[in-house]
Amino acid sequence: MRINGHVKDAYEKESSKNIAVLLYEINESYTDSIIYKEVPTYLANTLDSILFDISNIKAGKYQLLALKDKNSNNRFDPYEDKIGFLTDPITIPTDSTFVLSLFKENAALMVKRPIEKKIGKVIFGYKGKVEGLTIELLTPTPNGFQSILQKEKEKDTLNYWFTPFEVDSLQFKLSKDTWEEEHTVMLRTSKKDSLSLTAGIKNTLHPRDTFYIESNLPMVTLDPSKIIVTDKDTLEVPFKAILNATKTKLSFEFKRTRNNAYQFDLLPNAVKGIFGKENDTLQYKIKTKDIETYGVLELQFKNDKKRNILIDLLEEKGELVTQKAINKSENLVFKDLNPTTYQLRIIVDKNKNNQWDTGDFLNKTQPEGIYYYPLLMKLKANWTINEVIDIDAISF
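Residues numbered from 1 in each chain as written. Predicted model: local features only at pLDDT ≥ 70, side-chain atom pairs only at ≥ 80, totals over all residues. Heavy atoms only, no water.

A. Quick peek at the overall build of the protein. When helices and strands are counted, the protein shows one helix and 33 strands. Its C-alpha atoms give the protein principal-axis dimensions of about 80 × 65 × 35 Å. When the 396 residues of the protein are sorted by exposure, 42% land in the buried category. The contacts of the protein with a sequence gap of at least 6 include a subset with a gap of at least 24, amounting to 65%. In the protein, which carries 56 positive and 56 negative side-chain charges, the distance between the mean positions of the two groups comes to 3 Å. (Helix = DSSP H or I, 4+ residues; strand = E, 2+ residues; numbered from the N terminus. Buried < 20%, exposed > 50% of the residue type's maximum accessible area, 1.4 Å probe, protein only. Contact = heavy atoms within 4.5 Å. Lys, Arg positive; Asp, Glu negative; His and termini not counted. Charge placed at Lys NZ, Arg CZ, Asp CG, Glu CD.)

Here is the structure:
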């Protein structure tokens with residue numbers, strides 16, 4: 001007896017290859033936790049395709065799942081592996097063909113031992129879902145002490161910045177929900193970061209974007225009177241400067257016009273970093289383009305079933321341009337689009353939280369459905385493309 005089917009990715013457009021497909025016999029000793037500890041009863045691999053076939057299976061009841069198995073140990077590691085599973089057990093023999101959707105779980109939080117990276121900087125590496133984690137400094141601090149917790153971009157790392165003071169070690173308490181633990185960090189390094197500011201947007205400012213400056217250190221003070229914004233006619237432009245919560249990003253709100261150029265001059269001491277260092281004279285230049293430079297997509301979505309849907313507009317390589325939510329039939333207009341090729345990712349937002357939610361094996365929860373609309377829309381400058389998308393006809 002045998003089973004077959006294929007494996008797809010629950011979120012990505014392209015499916016991975018070399019996926020392990022596992023069958024665990026459901027008998028008196030079976031529990032769902034077995035997939036973390038023991039190898040399966042039967043095993044196959046998709047190799048260089050997305051198809052699988054398992055033969056010579058004895059009759060019985062089984063849990064079928066697939067793993068993108070990073071460690072190649074045929075056990076599920078929620079911190080490293082993607083998993084796909086059937087919600088209900090299968091019974092052998094069967095004539096059914098199976099489809100498994102791979103996804104990455106939101107694994108339970110695991111925090112690594114914190115270390116001092118530089119003077120005034122302690123890093124907390126972690127795995128899993130970090131939202132809701134609280135880090136409290138237990139060590140007594142002097143007057144004027146400041147600290148900022150910042151999540152590092154594209155890394156599973158939290159940076160704890162603080163104003164240095166005379167102490168040999170720092171004591172931290174970490175907590176989330178009912179879990180907590182304490183850590184001591186010895187302070188030994190003599191290395192220290194200096195303040196560095198860089199433009200987050202260079203050359204062209206898109207109508208959807210906001211110009212901002214990024215800092216490698218938290219900016220603890222800001223003096224807008226020492227910042228001057230001018231247009232291509234050297235006229236001063238009123239602006240509002242806004243620091244984000246971690247004080248590492250300085251955004252500028254101002255009334256911009258088409259086909260213009262803007263210069264941002266930061267005079268000395270406009271910003272001060274957490275270690276007391278202030279900026280030198282800095283200058284950044286950007287420009288805006290004519291409306292004819294861009295194109296428009298006018299998309300009519302038929303959603304008579306009134307499902308909660310997220311519409312992701314993607315560039316051809318998968319980069320997200322913008323996202324909009326609908327819960328009925330609706331016409332959406334996407335303006336000021338760069339001339340390139342676009343595609344749509346359509347998500348069923350079952351819990352109405354305006355984001356795609358992954359699955360969970362132990363809770364037998366499948367990820368929310370995703371459909372990549374097959375039409376590629378090749379948009380040129382000063383063009384408008386019209387399309388009708390029938391969401392009701394899509395099988396997620």
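Next, the rest of the story.
B. Region of interest: the nonpolar core. Counting residues in each nonpolar core, the largest one holds 28 residues, and the members touching the most others are Leu197, Phe211, Phe252, Phe264 and Tyr284. Among the secondary structure elements, those contributing two or more residues to this core are strand E17 (197-199), strand E19 (212-215), strand E20 (219-222), strand E21 (227-231), strand E23 (249-253), strand E24 (261-266) and strand E26 (282-287). Here this core takes three residues from E24, the largest share from any one element. Apart from residues no more than four positions distant in its own chain, Phe264 is found in contact with Phe211, Ile228, Val229, Phe252, Phe254, Leu282, Gln283, Tyr284 and Ile286. (Core = buried A, V, L, I, M, F, W, Y, C linked by side-chain atoms within 4.5 Å.)

C. Seen up close, the side chain of Asp312. Position of Asp312 relative to the elements: it lies in strand E28 (residues 309-315). For Asp312, the contacting residues outside a window of four places in its chain are Leu320, Thr322, Gln323, Gln343, Leu344, Arg345 and Ile347.

D. Here's a closer look at the sheet that holds E26. Spatially, E18-E26-E24-E21 is the arrangement adopted by the four strands of the open sheet, whose pairing is mixed. The outermost strands of the open sheet, each flanked by one partner alone, are strand E18 (203-204) and E21. In this structure, E24 lies alongside E26, joined through six bridges in antiparallel fashion. From the neighbouring strand, Ala261 faces E26, where its bridge partner is Lys287. (Pairing = 2+ DSSP bridges.)

E. Main features of the environment of Phe124. With respect to the element layout, Phe124 can be found in strand E11 (residues 121-127). Phe124 sits in the buried class, given a relative accessible area of 1%. The spatial distance from the C-alpha of Phe124 to the C-alpha of Tyr160 is 7.7 Å, given a sequence separation of 36 residues. Once you skip the residues sitting within four places of it in the chain, Phe124 turns out to touch Val111, Pro114, Ile135, Asp156, Thr157, Leu158, Tyr160, Phe172 and Leu174.

F. Summary view of the sheet that holds strand E33 (residues 384-390). Strands sit in the order E30-E27-E33 across an open sheet of three strands; the sheet is mixed. Each having just a single partner strand, strand E30 (330-337) and E33 make up the two edges of the open sheet. With direction set aside, neighbouring strand axes in the sheet form an average angle of 15°. With seven bridges connecting them, strand E27 (residues 295-302) and E33 associate as parallel partners. Its bridge partner lying in E33, Glu298 is registered against Asn386. (Axes fitted to C-alpha atoms, helices over the stretch in contact; angles between N-to-C directions.)

G. Fine view of the pattern of salt bridges. Per the stated rule, a full pass over the model turns up 13 salt bridges. The closest approach of N and O atoms between Asp53 and Arg2, which form a salt bridge, is 2.6 Å. Taken as a pair, Asp53 in strand E4 (residues 51-54) and Arg2 in the segment before strand E1 (3-9) lie far apart in primary sequence, 51 residues in all. Judged by relative accessible area, which is 46%, Arg2 ranks as partly exposed. One salt bridge in this structure joins Asp193 and Lys118, with 2.7 Å as the shortest N-O distance. (Salt bridge = Lys/Arg side-chain N within 4 Å of Asp/Glu carboxyl O.)

H. Broad picture of the pairing of E28. Most of E28 is tucked away: six of the seven residues are buried. Here E28 pairs with strand E29 (residues 320-326) via six bridges, running antiparallel. Counterpart to Ile309 in the pairing with E29 is Ile326. As consecutive antiparallel partners, E28 and E29 are separated by four residues, and within that stretch Gly318 has a phi angle of approximately 100°, a positive value. Here E28 pairs with strand E31 (residues 341-348) via seven bridges, running antiparallel. The residue bridging Asp312 from the neighbouring strand is Arg345, located in E31.

I. Quick peek at the packing of aromatic side chains. Overall, the coordinates contain 19 aromatic pairs when judged by the stated rule. On the numbers, 4.8 Å between centres and 50° between planes, the contact of Tyr11 with Trp356 is tilted. Placement of the pair is Tyr11 in the loop between E1 and strand E2 (20-25) and Trp356 in the loop between E31 and strand E32 (370-378), with a sequence separation of 345 residues. For Trp356, a relative accessible area of 21% gives the class partly exposed. (Phe/Tyr/Trp six-rings, centres within 6.5 Å; stacked < 30°, edge-to-face > 60°.)

J. Focus on the environment of Gly318. With respect to the helices, strands and loops of the structure, Gly318 is situated in the loop between E28 and E29. When the C-alpha positions of Gly318 and Asp265 are compared, they lie 35 Å apart, and in sequence the two are 53 residues distant.

K. Highlighting the environment of Ile35. By the secondary structure assignment, Ile35 is in helix H1 (residues 34-37). Residue Ile35 is classed as buried on the basis of its relative accessible area, which comes to 1%. Considered as a pair, Ile35 and Ile119 are 84 residues apart in the sequence and their alpha carbons are 43 Å apart. Beyond its immediate stretch of four places on either side in the chain, Ile35 contacts Tyr24, Leu65, Arg75, Phe76, Ile83 and Phe361.

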